[in-house]
Amino acid sequence: AIGTGLTATPEDAQATHAGIRQLIAKRASPRVAQAMRIQYGGSANAQNAHALSVMPDIDGFLVGGASLKPEFADIVSAISAAK
């Protein structure tokens, strides 16, 4: 959850993102759902960024405090390698 320092497992985050995408497909359209970027808002860091990035419905991150640390470059590298 945002601000707790706790991170969902990649599988839990994927399930949540997939559910959001399915809801958008149902309420709007499948085309809109596929075009929509859904970002993970939990605690992203250099250790979990790659595992989260390879999930098909996680399109990016809202990086908080880690964006102020040198490890931010490692987060960007992990995401780039996964996508």
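Keep in mind that this is a model prediction, so the values were computed, not measured.

About the thresholds
Residues numbered from 1 in each chain as written. Predicted model: local features only at pLDDT ≥ 70, side-chain atom pairs only at ≥ 80, totals over all residues. Heavy atoms only, no water. Salt bridge = Lys/Arg side-chain N within 4 Å of Asp/Glu carboxyl O. Helix = DSSP H or I, 4+ residues; strand = E, 2+ residues; numbered from the N terminus. Phe/Tyr/Trp six-rings, centres within 6.5 Å; stacked < 30°, edge-to-face > 60°. Core = buried A, V, L, I, M, F, W, Y, C linked by side-chain atoms within 4.5 Å. Buried < 20%, exposed > 50% of the residue type's maximum accessible area, 1.4 Å probe, protein only. Contact = heavy atoms within 4.5 Å.

1. So, the pattern of salt bridges
On inspection of all chains with the given rule, the structure shows two salt bridges. The residue D57 makes a salt bridge to R21 at a minimum N-O spacing of 2.6 Å. Within this pair, whereas D57 is found in the loop between α3 (49-53) and β2 (60-61), its partner R21 is found in helix α1 (residues 10-27), the two being separated by 36 residues in sequence. We note a salt bridge from D59 to R21, for which the minimum N-O separation is 2.6 Å. Here R21 lies in helix α1 and D59 lies in the loop between α3 and β2, a separation of 38 residues in the sequence.

2. Here's the deal with the packing of aromatic side chains
Throughout the structure, instances matching the rule amount to one aromatic pair. Both rings, one in Y40 and one in F61, keep their centres 6.2 Å apart while their planes meet at 85°; by these two values the pair is edge-to-face. Taken as a pair, Y40 in strand β1 (residues 39-40) and F61 in strand β2 lie far apart in primary sequence, 21 residues in all.

3. A few points about the nonpolar core
Nonpolar side chains in soluble globular proteins tend to be buried together. In terms of nonpolar packing, the biggest core is built from seven residues, these being A13, Y40, A44, L52, M55, I58 and F61. Setting aside chain neighbours within four positions, we find L52 in contact with T7, A8, P10, A13, Y40, I58 and F61.

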